[in-house]
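# Structure assessment
So you can see what is in the structure, the chains are spelled out below.
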Amino acid sequence: MVILFLANKNNMAIKKYSVWKIIMPVWFYIFLGVVVNCLWGTAFLVPYYLTDINPVAIAIGRYLIYGLVSLFLAFFMIKKLRLLTYEQWRYAFLFAFLGNVGYYLCITLSVHYGGITTTALIESILPITMMIAGYFFGQDGDGEFDFQVLLLPIAMVLIGIVVLNQSHNTGVEFTEVNYSWYLGLFFSISALLLWTWYGFSNAKFLKKNPSVSSSTWSVAIGVGCFFQAILGLGVFLMTAENVFLSTDNISVSIIRLVIGCLFLGVIVSWLVTVWWNQVSRYIPMMIIGPLFVFETLSSLVYGYIVDQRLPESSEVMAVLLIIGGVALSMVMTSKGLRKATPALQGS
């Protein structure tokens, strides 16, 4: 009887997932993915602003807040969390590091050592790595089209990144680049690899587990982030020389740190994770990849606003190339996926 009940409950969840996928058009989730990435772009600005605070403290503070919010919400969905298997909890803790604690730790260190421009440009390669991962490792129709249709969009995005890189000179010649910049580059590449693994694996997991709701999965990952942040806090307090890199006005620095961590933990982490889980569940992997470009573009726009200047002509050209490549890849891959995935034909 218990087996029959669980089977019927799982079938009902799958049916609900299929009906919701047909009702809500795929373009709605694409728009939601753009909003999510624009909010993610603000995460680059916080360590950029808080230059007087240790970047590790910012990363730990963000996920302590996210973890506390998740623990609070866990009390109201304890029944749903108890339904998660040991294997699903193991994935939650893994994704907590890959796409959250570990990733953002690398981002804050990259911004601190290499600058916001270098970090944003390296992370802009995410659409390329996600499209390639989706093609070679995707299942259930995610990679069922000719890879050659992606060559032109990928070329446009890469050219746009190159142009953007030329227009955002780091300010030093190659022979004069110091150790700090190389360290920032290392952390940028590390963050890129971590999020590529997370983005692909998390989307794959949600498609295979339709009975796990987006809100439940967000809380589960948040719980994993909390324990990892506690562990990181202990190591940080034992090894770090200081939390504040400047002692000019510590009280103001504390207020800025709290506000920044609250924004990152509640909005950029918890709320955006719920929305992103919806995006990952309902749109194909090959469309998910190009959306990450908007994280880079939004972070650059925020930079223009902060610097109070308009983009140069070369920067406008780069933006048009990148957005054009993203739009083209979405059109071309969605055509191939409509032939391979009947559920998308009603979108």
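Residues numbered from 1 in each chain as written. Predicted model: local features only at pLDDT ≥ 70, side-chain atom pairs only at ≥ 80, totals over all residues. Heavy atoms only, no water.

A word on the overall build of the chain. Looking only at helices and strands, the chain has 14 helices and zero strands in total. When its helices and strands are written in sequence order, the chain yields α-α-α-α-α-α-α-α-α-α-α-α-α-α. By residue count, 51% of the 347 residues in the chain fall in the buried class. Within the chain, counting contacts between residues at least 6 apart in sequence, those at least 24 apart form 89% of the total. As displayed, the chain offers around 16800 Å² of accessible surface, 71% of which is attributable to carbon and sulfur atoms. (Helix = DSSP H or I, 4+ residues; strand = E, 2+ residues; numbered from the N terminus. Buried < 20%, exposed > 50% of the residue type's maximum accessible area, 1.4 Å probe, protein only. Contact = heavy atoms within 4.5 Å. Areas by Shrake-Rupley, 256 points an atom, 1.4 Å probe, with all protein chains shown as cover.)

For the rest of this paragraph, the subject is the side chain of Thr 119. Secondary-structure assignment places Thr 119 in helix α6 (residues 116–123). Of note is the side chain of Thr 119, whose polar atom sits 3.4 Å from the backbone nitrogen of Val 111. If we ignore the near neighbours within four places in the chain, the residues touching Thr 119 are Phe 44, Ile 107, Ser 110, Val 111 and Ser 188. (Polar contact = N/O pair within 3.5 Å; in protein donor to acceptor, adjacent residues only side chain to side chain.)

So, on to the confidence of the model for the chain. Averaged over all residues, the pLDDT of the chain is 77; the fraction at 70 or higher stands at 78%. Per-residue pLDDT stays below 50 along residues 170–177; that stretch engages in five contacts with residues further than four places along the chain or on separate chains. Contacts of residues 340–347 to residues separated by more than four positions or lying in other chains number 13 contacts, the stretch itself having pLDDT below 50. (pLDDT = per-residue confidence, 0-100.)

Turning our attention to helix α5 (residues 86–114). Residue pairs spaced three or four apart in an α-helix point in one direction, given the helix's 3.6 residues per turn. Between its terminal C-alpha atoms α5 stretches 39 Å, which fits the 42 Å expected from 29 residues at 1.5 Å a residue. Two residues or fewer after α5 comes Gly 115, characterised by a positive phi angle close to 95°. (Expected span 1.5 Å × (residues − 1).)

Moving on, we get to the pattern of salt bridges. Counting across every chain of the model gives one salt bridge. Here Glu 87 and Arg 90 are joined by a salt bridge, their closest N and O atoms 2.6 Å apart. With Glu 87 and Arg 90 both in helix α5 and three residues apart, the pair spans about one turn of that helix. (Salt bridge = Lys/Arg side-chain N within 4 Å of Asp/Glu carboxyl O.)

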